[in-house]
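Observations on the model geometry
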Amino acid sequence: MTNTAPIGITPKTATPGALGVIGPEAVLRAAYETGTPITLDARRYAGETVYLGHRRQVMGDDGVTVETIGYDRDHMEHPEHGRIVVYLIDTTRLDDAPRLAADRQRQQGATAIRTAQMEERLEAEERELGRDAD
């Protein structure tokens, strides 16, 4: 049995909209660099497998490019497990993480509903303001 810290999910990332894996730096770095999946062993998603690397489009001097971000931030220094960090998850590859994929889909659906409701309220306020101006 190896003496490693649990590997779990965290929504607290330095990258807006990204989802992270929190665990030992050496384990996560190796998985990211080799493109091998990580098996989660903490709580709700235990046994599910994810790949690391969040892809996003970036506008630069050469136009729009896609960059992949692995390492996100330091979390803590653990006396027994060493440096604990956060790496970002490739949420386009959640086939082996069905509970995580379902939760993420529900969360995105709820966000889309809230956004649509907010847009409807703003449009109604704009219409109301337009009437007041007359």
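Residues numbered from 1 in each chain as written. Predicted model: local features only at pLDDT ≥ 70, side-chain atom pairs only at ≥ 80, totals over all residues. Heavy atoms only, no water.

When pLDDT is averaged along the protein chain, the result is 85; 94% of the residues meet or exceed 70. For the protein chain, helix 2 (residues 98-133) is the element with the lowest average pLDDT, namely 80, and strand 4 (residues 49-50) is the one with the highest, namely 95. (pLDDT = per-residue confidence, 0-100. Helix = DSSP H or I, 4+ residues; strand = E, 2+ residues; numbered from the N terminus.)

In this section: the packing of aromatic side chains. Taken as a whole, this structure holds two aromatic pairs when the rule is applied. Look at Tyr32 and Tyr87: their rings are 5.8 Å apart centre to centre, the planes differ by 50°, and that puts the pair in the tilted class. Of the two residues, Tyr32 sits in helix 1 (residues 25-34) while Tyr87 sits in strand 8 (residues 82-88), which places them 55 residues apart along the sequence. Residue Tyr32 is classed as partly exposed on the basis of its relative accessible area, which comes to 28%. Judged by its relative accessible area of 5%, Tyr87 falls in the buried class. Between Tyr71 and Tyr87, the ring centres sit 5.9 Å apart and the planes meet at 80°, which makes this aromatic pair edge-to-face. (Phe/Tyr/Trp six-rings, centres within 6.5 Å; stacked < 30°, edge-to-face > 60°. Buried < 20%, exposed > 50% of the residue type's maximum accessible area, 1.4 Å probe, protein only.)

Once that is clear, we can look at the pairing of strand 8. Along strand 8, five of the seven residues are buried, which leaves the element largely enclosed by surrounding structure. Looking at chain direction, strand 2 (residues 20-24) and strand 8 are connected through five bridges and run antiparallel. For Ile22, the partnering residue across the bridge sits in strand 8 and is Val86. As judged from the six bridges shared by strand 7 (residues 71-78) and strand 8, these two strands associate in the antiparallel manner. Its bridge partner lying in strand 8, Glu77 is registered against Arg83. The antiparallel pairing of strand 7 with strand 8 creates a hairpin that spans three residues between the two strands. (Pairing = 2+ DSSP bridges.)

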